[in-house]
Amino acid sequence: MKNIPPLALTMGDASGIGPEIVAKVLAKGGERVVVFGSYVVMQDIVRRLGLNVEVRRINSADAAQFEPRRIEVIETSRITESPPIGRISAISGLAAFDAIVAAIAAAKSGDVSGIVTAPINKEALASAGIRYPGHTEILADYGGAKRVAMMLANDDIRTVLVTIHTSLSKAIEQGDFDAQLSAIRLAHEGGKALGFATPRIAVAGLNPHAGEGGLFGDEEIRIIRPAIDACRAEGIDATGPYPGDTVFMQARQGRFDVVVAQYHDQGLIPVKYLGLEKGVNITLGLPFVRTSPDHGTAFDIAGRGIADHASLETALAYAKRLVAAQIKTNLIRKEPHQWGYASSSCSRATTGRFRTPRSN
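Residues numbered from 1 in each chain as written. Predicted model: local features only at pLDDT ≥ 70, side-chain atom pairs only at ≥ 80, totals over all residues. Heavy atoms only, no water.

**A look at the overall build of the chain**
The helix and strand inventory of the chain stands at eleven helices and twelve strands. For the chain, buried positions account for 56% of its 360 residues. For the chain, the share of sequence-separated contacts (at least 6 apart) that also reach a separation of at least 24 residues comes to 73%. (Helix = DSSP H or I, 4+ residues; strand = E, 2+ residues; numbered from the N terminus. Buried < 20%, exposed > 50% of the residue type's maximum accessible area, 1.4 Å probe, protein only. Contact = heavy atoms within 4.5 Å.)

**Quick word on helix H5 (residues 135–143)**
With respect to burial, H5 is a largely interior element, eight of its nine residues being buried. Looking only at H5, the buried set comprises His 135, Thr 136, Ile 138, Leu 139, Ala 140, Asp 141, Tyr 142 and Gly 143. Elements that come into contact with the buried residues of H5 comprise helix H3 (90–109), strand S5 (114–117), helix H4 (122–127), strand S6 (149–153), strand S11 (280–284) and strand S12 (289–293).

**Focus on the pattern of salt bridges**
If you walk through the whole model with that rule in mind, you get 14 salt bridges. Residue Glu 313 is joined to Lys 28 by a salt bridge in which the shortest nitrogen-to-oxygen separation is 2.7 Å. You can see Glu 313 sitting in helix H11 (residues 310–328) and its partner Lys 28 sitting in the loop between helix H1 (18–27) and strand S2 (33–37), a full 285 residues away along the chain. Across the pair Arg 48 and Asp 44 runs a salt bridge, and its minimum N-O distance is 2.8 Å. (Salt bridge = Lys/Arg side-chain N within 4 Å of Asp/Glu carboxyl O.)

**Remarks on the packing of aromatic side chains**
Scanning the entire structure with this criterion turns up four aromatic pairs. Ring geometry for Tyr 132 and Tyr 142: centres 6.3 Å apart, planes at 55 degrees, overall tilted. You can see Tyr 132 sitting in the loop between H4 and H5 and its partner Tyr 142 sitting in helix H5, a full ten residues away along the chain. We classify Tyr 132 as buried; its relative accessible area is 6%. (Phe/Tyr/Trp six-rings, centres within 6.5 Å; stacked < 30°, edge-to-face > 60°.)

**Some words on the environment of Asp 62**
Within the element layout of this structure, Asp 62 appears in the loop between strand S3 (54–58) and strand S4 (70–75). Taking the C-alpha atoms as reference points, Asp 62 and Pro 5, 57 residues apart in sequence, are found 7.5 Å from one another. A polar side-chain atom of Asp 62 sits 2.5 Å from a polar atom in the side chain of Ser 60. (Polar contact = N/O pair within 3.5 Å; in protein donor to acceptor, adjacent residues only side chain to side chain.)

**Looking at the pairing of S12**
Burial analysis of S12 places five of its five residues in the buried class, which makes it a mostly covered element. For S5 and S12, the ladder comprises three bridges, and the chain directions are parallel. Among the inter-strand pairings, Ile 115 is bridged to a residue of S12, identified as Arg 290. Across three bridges, the pairing between S11 and S12 is antiparallel. Counterpart to Ile 282 in the pairing with S12 is Thr 291. Linking S11 back to S12 in an antiparallel pair, the connection comprises four residues, with Gly 285 at a positive phi of about 100 degrees. (Pairing = 2+ DSSP bridges.)

**So, the confidence of the model for the chain**
The share of residues in the chain with pLDDT of 70 or more is 90%, and the mean pLDDT across the chain is 87. Under a pLDDT of 50 for its full length, residues 331–360 has, in the predicted model, 84 contacts with residues more than four places off or in other chains. (pLDDT = per-residue confidence, 0-100.)

**Brief notes about the side chain of Thr 159**
Of note, Thr 159 is situated in strand S7 (residues 158–161). A polar contact of 3.0 Å, which involves the side chain of Thr 159, links it to the backbone oxygen of Val 259.

**A closer look at the sheet that holds S7**
Here twelve strands make up an open sheet; going across it, the order is S3-S4-S2-S1-S5-S12-S11-S6-S7-S10-S8-S9 and the pairing mixed. Each end of this open sheet is capped by a strand with a single partner; those strands are S3 and strand S9 (238–242). Neighbour to neighbour, the strand axes of the sheet diverge by 25 degrees on average, direction disregarded. In terms of strand pairing, strand S1 (residues 7–10) meets S2 through four bridges, oriented parallel. Opposite Leu 7, over in S2, you have Val 33 as the bridge partner. Here H5 sits on the sheet in contact with S5, S6, S11 and S12, set at roughly 165 degrees to S12. (Axes fitted to C-alpha atoms, helices over the stretch in contact; angles between N-to-C directions.)

Next comes the structure, spelled out in structure tokens:
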């Protein structure tokens with residue numbers, strides 16, 4: 001892995017546990033990782049934790065030296081002093097956003113081989129005038145992806161969501177034929193990236209008992225099953241729709257490799273129930289690798305030095321695994337915009353049109 005660019009690790013919300021778990025992971029050494037965020041915040045958290053680690057400011061990823069007990073930071077924020085800990089802060093929201101955007105640019109140019117993101121806070125983004133509901137939407141817009149999907153994975157279950165951060169009523173509206181088709185295709189590609197030669201994709205139903213033949217709703221008949229049939233015609237091993245209350249149990253027992261869930265909580269509850277420490281979020285459909293821990297900013301314990309960094313370690317491990325898989329299958333190129341497994345036909349503008357920062 002030394003012959004490819006390092007991974008970018010965004011610091012996350014500076015008022016949450018992001019800087020702490022970043023510092024704890026990198027203090028162990030051995031990671032070819034560059035932090036995108038605030039030098040001041042990282043230096044402060046290292047001091048708070050009593051870590052014998054040097055924090056060094058660098059201008060670009062290729063300037064990193066990866067010496068033992070050193071954290072390399074590319075300054076992407078406007079922070080001049082550490083923001084308040086454990087509460088919503090506009091300056092922390094803006095800094096988190098700026099780090100993500102800078103890391104995306106570095107990934108698209110090939111300066112980093114992928115991105116691992118520490119947790120952000122949606123209210124902090126909104127307080128800074130940034131109207132994105134989460135990481136996935138920022139990554140899709142600035143990454144230039146037409147369609148993305150969220151995959152949550154641990155040792156037992158891998159699930160891909162048809163809809164992400166939206167109300168349940170809107171999720172039902174948005175889960176149309178095209179959305180089903182896209183999610184199943186991305187689940188297939190994501191499964192292959194994780195090492196399954198022919199991933200067995202199970203598609204969960206929307207309604208109780210997967211509609212019970214139309215008695216409890218007909219979305220399975222009108223929308224979901226036709227999308228499954230279309231994907232099967234493409235050679236994808238997709239089956240269903242299966243009742244959402246049993247399909248994850250069957251996946252855990254080894255019957256399926258990936259489950260396509262219809263909405264956010266249907267897919268995330270089973271994964272998170274098995275433990276946050278081994279869960280990782282993978283964004284499928286981007287022109288670069290992106291993973292993140294399966295938890296939030298945890299303002300209630302921020303600054304106390306007790307945050308568990310296991311999920312971030314898992315996210316880093318998955319990122320390295322995905323990058324290595326791409327190298328093995330010759331899907332990575334070192335030319336600009338070619339780091340990743342998504343189609344190069346993405347054309348969405350990345351103008352940041354949703355961002356209207358207010359004064360802090």
